[in-house]
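Chain by chain, the residues:
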Amino acid sequence: MVAPSNNIPTIFAAFGATGDLMRRKVLPALYYSYKHGELPKMFKVVGFSRREWSDEEFQGYVHEVLEEHAKTKISEAELLPFLSMFEFQRGEFGDKSSYDDLKKTFDGLDAEWGVCSNKLFYLSVAPEFYELILSELARSGLTDPCEPDQGWTHVIVEKPFGMDSTTAKQIDELLGKLFKEEQIYRIDHYLAKEMLQNILTFRFSNNLFELPWGNKLIEGIHIKVLETIGVEKRGPFYDGVGAFRDVGQNHLLQMLALVTMEHPESFEAAAIQKKRADILSSLDVLSDEDMKKATFRGQYDGYRDIEGVLPSSDTETYFKVRATMSNPKWSGVPMVMESGKRLGEPLKEIVVTFKHPMPCLCPPNGAHHKNEVIFRMEPREEILIEFWTKKAGFSFATERREFHYMLREQSAHVPYVEEYAKLLLDCIRGDQTLFIGTGEIREMWRFTDPILAAWQKGVVPLESYRPNSREVLDTARHVK
Ligand code: BG6
């Protein structure tokens, strides 16, 4: 996990340079890394898009995006060194000569720098364009290193990694034809969250909890990603996807993997990715009979009025799913994943509940003594360990106390930007620890597919819920 130097001459080629992901995440993240002195000294962003723009127009666009993001004016002088890293290359995804032109731009930069630079391809485009773009990249020689041992090529792929196992496999096969696994960087920004990186440190840098970590002492795991925001302007995308594919198939399953995975043999990326994939492979697939007891789906009132959402849509905006694992360490432990939009105050956390001690030093008929370890990302990034202690005084009474470690206030965290900055830098450094491996993708869909299929068949009815309230959590309480 220790990254090598990031000071490697790099060209970052952005396909769909004016796309939504570039605007909301990548450009602010690059600027954040630049301000923290983390970008390589020789670094260029080549934006590829069909607009008729000059370099200056592209730079003007980047300036606007950064101001919009910072919600304040940023002076030309302050931004100039950063903006001068941006070049524009007009091109069509399906036009061969556009790729040949791009190759000339790359060769020109390498000649100017006098090095064979590393090339990083970022696709901010809909997955249906992947095949076209990736094949053209290979045909034009853009993905070939200058010499076998000089200048790498990495490609960054964003979720959704397909819509189900079949489509995910197609994307992976296509990527696999053109790139080796160590060149493919699949982004799940949750893996770059400070608190989630902390889970591995908490578990594997300390000896406190690793022995009891498993079904002998742990009673249950509950993962919650309860959001305040709704679907907002993402109707056309979200309606075809739904909450479970949007965050369950990836973010929540990754959280589950981090909290349950075995100790890796080393802290190298491949060893960590393997352990995440291994634990995901022990998830039991739910049968149709399990679905009613183990899953729940809901949609908030008003969702169907959103632009781009079908008036008769039965897409879920909330889900709760109980998973189990067939392995000696975790069998019998319910693992509940729950997430939804418009659920009031945000709450994003993993709660690990320990069994009641037997026999127990607690007053008869008193409160149950279940310890909890909570990894919380919102509203604050913190780890809590809840335990019981004797109340000071003459009588024997117990009270609940907590050990509390706060990483920082949520306000100190710039949503998405920090995570993307970390991920882009790791990609430049060649560290895949926080990226999803192909084995993980396969296992996550293996678990997800049958649930989505059962919901589509209507095995579990879609319930509606009142937005900006937690009522639906109560309606779904039978899933535990
Ligand atoms: C994204 C989903 O991947 O994650 C969004 O597409 C969701 O719908 C978001 O809101 C949650 O991420 P975060 O970092 O805000 O918890």
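Cut-offs applied
Residues numbered from 1 in each chain as written. Predicted model: local features only at pLDDT ≥ 70, side-chain atom pairs only at ≥ 80, totals over all residues. Heavy atoms only, no water. Helix = DSSP H or I, 4+ residues; strand = E, 2+ residues; numbered from the N terminus. Buried < 20%, exposed > 50% of the residue type's maximum accessible area, 1.4 Å probe, protein only. Phe/Tyr/Trp six-rings, centres within 6.5 Å; stacked < 30°, edge-to-face > 60°. Pairing = 2+ DSSP bridges. Axes fitted to C-alpha atoms, helices over the stretch in contact; angles between N-to-C directions. Contact = heavy atoms within 4.5 Å. Domains from an automatic or database assignment. Near = heavy atom within 4 Å. Polar contact = N/O pair within 3.5 Å; in protein donor to acceptor, adjacent residues only side chain to side chain. Nonpolar A, V, L, I, M, F, W, Y, C, P; charged D, E, K, R; others polar.

> Got a minute to help me understand the side chain of Ser124 in this structure?
Within the secondary structure, Ser124 sits in the loop between β4 (118–123) and α5 (130–139). On the accessibility criterion, Ser124 (10% relative accessible area) is buried.

> Honestly, the packing of aromatic side chains in this entry has me stumped. Any pointers?
Where two aromatic rings form a pair, the distance of their centres and the angle of their planes describe that pair. Inspection of the entire model under this criterion finds 34 aromatic pairs. Seen from their ring centres, Phe15 and Phe93 are 6.5 Å apart, and the 45 degrees between their planes marks the pair as tilted. A residue pair is termed long-range when its members are at least 10 positions apart, and Phe15 in strand β1 (residues 10–15) and Phe93 in the loop between β3 (86–90) and α4 (96–113) qualify at 78 residues. Relative accessible area serves as the criterion here: at 0%, Phe15 is assigned to the buried category. Take Phe93: its relative accessible area is 15%, and that puts it in the buried class. Between Tyr238 and Tyr303, the aromatic rings sit 6.3 Å apart at their centres with planes inclined by 65 degrees, giving edge-to-face as the arrangement. With Tyr238 in helix α8 (residues 235–239) and Tyr303 in the loop between β8 (295–300) and β9 (318–323), this pair connects stretches of sequence that are 65 residues apart. Taken individually, Tyr238 and Tyr303 each receive the classification buried, so the pair is uniform in this respect. An aromatic cluster is built from Tyr31, Tyr34, Trp53, Phe58, Tyr61, Phe82, Phe86 and Phe88, whose rings are joined through pairwise contacts.

> For this particular structure, what's the right way to read the sheet that holds β3?
Working definition: the strands of a sheet are paired by backbone hydrogen bonds and lie parallel or antiparallel to each other. If you trace the six strands from one edge of the open sheet to the other, you get β3-β2-β1-β4-β5-β6, paired in parallel fashion. Strands with a single pairing partner mark the edges of an open sheet, and in this sheet they are β3 and β6 (184–186). Going across the sheet, the axis of each strand differs from the next one's by a mean of 20 degrees, ignoring polarity. Two elements, strand β2 (residues 43–49) and β3, share five bridges in a ladder whose sense is parallel.

> Would you mind going over the sheet that holds strand β15 (residues 462–465) with me for this structure?
Taken together, the nine strands give an open sheet; going across it, the order is β14-β13-β12-β11-β7-β10-β9-β8-β15, and neighbouring strands pair in mixed fashion. Both outer strands of the open sheet, β14 (398–409) and β15, are each paired with one neighbouring strand and no more. When the angles between neighbouring strand axes are averaged without regard to direction, this sheet yields 15 degrees. Sheet topology note: the strand β13 (residues 380–390)/β14 ladder contains eleven bridges and is antiparallel. Bridge assignment links Leu384 to a residue of β14, and that residue is His404. The strands that helix α7 (residues 194–204) touches are β11 (347–354), β12 (372–378), β13 and β14; relative to β12, the one it contacts most, it runs at about 155 degrees.

> Would you mind going over the domain arrangement of the protein chain with me for this structure?
Much of the literature gives interface size as the accessible area that the parts lose upon coming together. According to the domain assignment, the protein chain contains domain 1 (10–158) and domain 2 (191–413 + 437–475). Just the C-alpha atoms count here: the centres of domain 1 and domain 2 sit 36 Å apart.

> Please clarify how the site of the ligand should be interpreted in this entry.
As a structural note, the neighbourhood of the ligand is formed by 13 residues, with Tyr190, Lys193, Glu227, Asp246 and His251 the closest of them. Here an oxygen atom of the ligand and a side-chain polar atom of Arg234 are 2.8 Å apart. Here an oxygen atom of the ligand and a side-chain polar atom of Lys341 are 2.8 Å apart. It is helix α9 (residues 242–260) that provides the largest number of residues to the shell around the ligand, a total of three residues. Looking at the shell around the ligand residue by residue, the class counts come to four nonpolar, two polar and seven charged.

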